[in-house]
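Examining the three-dimensional arrangement
Next come the chains, spelled out residue by residue.
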Amino acid sequence: MVKVFIFLNILITSLLSNSLYKTVGDYLDINPLLLKTFSFIETSESDYAMNIQSKTKKILKLLDKYSSSYKYSYLKDKEKYIISVNVNDKQKAEEFYDNFIIFIKSNPKEIITYDLGRMQINNRNIKRLKLDEKKYYLDKGLNIFFAGVIFNDCKRIFKGSLSKTIECYHYGTDESKFTYIYFDKFYSQFLKVANYEQK
């Protein structure tokens, strides 16, 4: 599996966004419009987006320190804070990521989980395969590829059921978390993407 990731890294990093969806889709046998739709729903195709779940607002001090480099917003959801960060520039994204990791190491119980890049790949999925997290955040080609791998895993687990596969991509494999709100949102966005691509 790791060899495949290295191979695809070389193959797709120099391609344009639409070509990336097609390249990854062709390689993993996924309709590229599905991948593009995930990207629109998750981040509106923002390459260096990050979504952070934190126990407190302590992370906001770090964000305020570098707020000239990116935009962020947050909301409180029950016992956690959900912080959305959007960085427009790769160099600034790398700087933010490095500072974020320093923050995590200094505050090991503060961050619950976080999602990376335009496809919002969860850090736990990357760590499970012992891959270079920073690389999968900063390289949009690898980020899209990883999303395709997750999609295919979900498709295999749920025996091809499209609605369950879409829900699994967002919520994970625990079917009790499925509300089908994400699927409805996905379906609506997919029709818009497909309509735009046909023009």
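Residues numbered from 1 in each chain as written. Predicted model: local features only at pLDDT ≥ 70, side-chain atom pairs only at ≥ 80, totals over all residues. Heavy atoms only, no water.

So, on to the packing of aromatic side chains. Under the criterion given, the structure shown has 14 aromatic pairs. Judged by centre distance (4.6 Å) and plane angle (50°), the rings of Phe38 and Phe186 are tilted. In this pair, Phe38 sits in helix H3 (residues 32-43) while Phe186 sits in helix H10 (residues 181-198), placing the two residues 148 residues apart along the sequence. Residues Phe38 and Phe186 agree in their burial class; the two are buried. An angle of 80° between the planes, with centres 6.4 Å apart, marks the rings of Tyr48 and Tyr137 as edge-to-face. Note that Tyr48 is positioned in strand S1 (residues 48-54) and Tyr137 in helix H7 (residues 133-138), a separation of 89 residues in sequence. Grouping residues by exposure puts Tyr48 and Tyr137 together as buried. (Phe/Tyr/Trp six-rings, centres within 6.5 Å; stacked < 30°, edge-to-face > 60°. Helix = DSSP H or I, 4+ residues; strand = E, 2+ residues; numbered from the N terminus. Buried < 20%, exposed > 50% of the residue type's maximum accessible area, 1.4 Å probe, protein only.)

This brings us to the sheet that holds strand S5 (residues 121-122). A sheet is described by the order of its strands in space; here 5 strands give the open sequence S2-S3-S1-S4-S5, paired in antiparallel fashion. Two strands in the sheet have a free side with no partner beyond their single neighbour: strand S2 (70-77) and S5. Pairing of S1 with strand S3 (residues 80-87) involves 7 bridges; the strand directions are antiparallel. Bridging from a neighbouring strand, Met50 pairs with Val85 of S3. (Pairing = 2+ DSSP bridges.)

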